[in-house]
Amino acid sequence: MKFLKKNYGWLIVSALATLPFIPLAKMALENGAGSIDMLYHISGEFAIRWMTAVLTLTPVFILFGVTNLFVRQAMGIATAVWSLLHFVIFIIAEGFAETFTQFNYVLGFIAVLILIPLLFTSNRKAMQRLKTNWKKLQSFAYLAILLSLAHVAILEKTWIIYAVIVGLGFIIRIPEVKTSILKYRQQKK
């Protein structure tokens, strides 16, 4: 029971991140190669959704004071896993060489490369080992979201809602805005 109390947020995020794999796997098994294009579009959509969600956690903390580092880490892991899955499915569908044929593919590839070290350092041991460098390394997530948004925008997919959410999050992070929000929250108490 103690484990559940301590890790309930991480478990919920893990379940939410894993559940979409079931219909994707079913689609892949039933339709085979015919569904590969759909699979890499869906996996890309989940990757950008998770990336946007994880980057909204700091603005949520600033606005409401709610935070949980382990939930953030689980969401970051979900982001990286979905992004890697998207890239692997893309390679299966199009081939690795296709990655370098269009600018937007290169942007997506760089974003995935950035997420790999973030994935492997999204744990408690890495935090202890890297100390202050951990936060510096994790800040590369901002570059990954910008590259991912550009990747999606060039593809002319649904990107504007993600850009608005991320943009508002960046505005809330501006030191003057953040400070005024935190002061307002303190006055309300």
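Predicted, not measured: the structure shown is a model, and the values here were computed from it.

Concerning the environment of Ala111
Inference 1: Following the sequence through the fold, Ala111 ends up in helix H6 (residues 103-120).
Inference 2: Using a relative accessible area of 3% as the deciding quantity, one classes Ala111 as buried.
Inference 3: If near-sequence neighbours (up to four positions away) are discounted, Ala111 is found in contact with Ala144, Leu147 and Ser148.

What about unusual backbone geometry?
Inference 1: The phi dihedral of Lys131 is positive, around 50°, even though this residue is not glycine.
Inference 2: Looking at the secondary structure, you find Lys131 in the loop between helix H7 (124-130) and helix H8 (132-138).

Here we look at the packing of helix H3 (residues 36-55) against helix H5 (residues 69-94)
Inference 1: Running from N to C, H3 and H5 cross one another at 155°; their axes reach a closest spacing of 8 Å. Between H3 and H5, the interaxial angle falls into the category roughly antiparallel. Crossing angle aside, the handedness with which H3 passes H5 is left-handed.
Inference 2: Within the contact of H3 with H5, the residues separate by chemical class into 17 nonpolar, six polar and three charged.

Remarks on helix H1 (residues 2-18)
Along an α-helix, a turn takes 3.6 residues, which lines up residues three or four apart on a common side.
Inference 1: Spanning 17 residues, H1 covers 23 Å between terminal C-alpha atoms, matching the ideal 24 Å at 1.5 Å per step.
Inference 2: Along its length, H1 shows its largest kink, about 70°, at Tyr8.

Some thoughts on the environment of Phe64
Inference 1: With respect to the helices and strands, the residue Phe64 is situated in helix H4 (residues 57-64).
Inference 2: Judged by its relative accessible area of 60%, Phe64 falls in the exposed class.
Inference 3: Along the backbone, Phe64 and Ile181 are 117 residues apart, and their C-alpha atoms lie at a distance of 9.4 Å.

Observations concerning the packing of H6 against helix H9 (residues 140-154)
Inference 1: In contact at an axis separation of 8 Å, H6 and H9 are set at 155° when each is read in the N-to-C sense. Judged by the inter-axis angle, H6 sits roughly antiparallel to H9. Where H6 crosses over H9, the two elements pack in a sense that is left-handed. Within the contact between the two elements, H6 uses Phe103, Asn104, Tyr105, Leu107, Gly108, Ile110, Ala111, Ile114, Leu115 and Leu118 and H9 uses Phe140, Ala141, Leu143, Ala144, Leu147, Ser148, Ala150, His151 and Ile154.
Inference 2: Tallied by class, residues from the contact of H6 with H9 come to 15 nonpolar, four polar and no charged.

Quick notes on the confidence of the model for the chain
Inference 1: Of the residues in the chain, 98% reach a pLDDT of 70 or more, and the chain-wide mean stands at 89.
Inference 2: By mean pLDDT, the top-scoring element of the chain is H6 (95), and the lowest-scoring one is helix H2 (residues 21-31) (80).

The rules behind each value
Residues numbered from 1 in each chain as written. Predicted model: local features only at pLDDT ≥ 70, side-chain atom pairs only at ≥ 80, totals over all residues. Heavy atoms only, no water. Helix = DSSP H or I, 4+ residues; strand = E, 2+ residues; numbered from the N terminus. Buried < 20%, exposed > 50% of the residue type's maximum accessible area, 1.4 Å probe, protein only. Contact = heavy atoms within 4.5 Å. Axes fitted to C-alpha atoms, helices over the stretch in contact; angles between N-to-C directions. Parallel < 35°, antiparallel > 145°, perpendicular 65-115°, else oblique. Left-handed = near helix turned anticlockwise from the far one by under 90°. Nonpolar A, V, L, I, M, F, W, Y, C, P; charged D, E, K, R; others polar. Expected span 1.5 Å × (residues − 1). Bend = angle between axes of the 7 residues up to and from the residue. pLDDT = per-residue confidence, 0-100.

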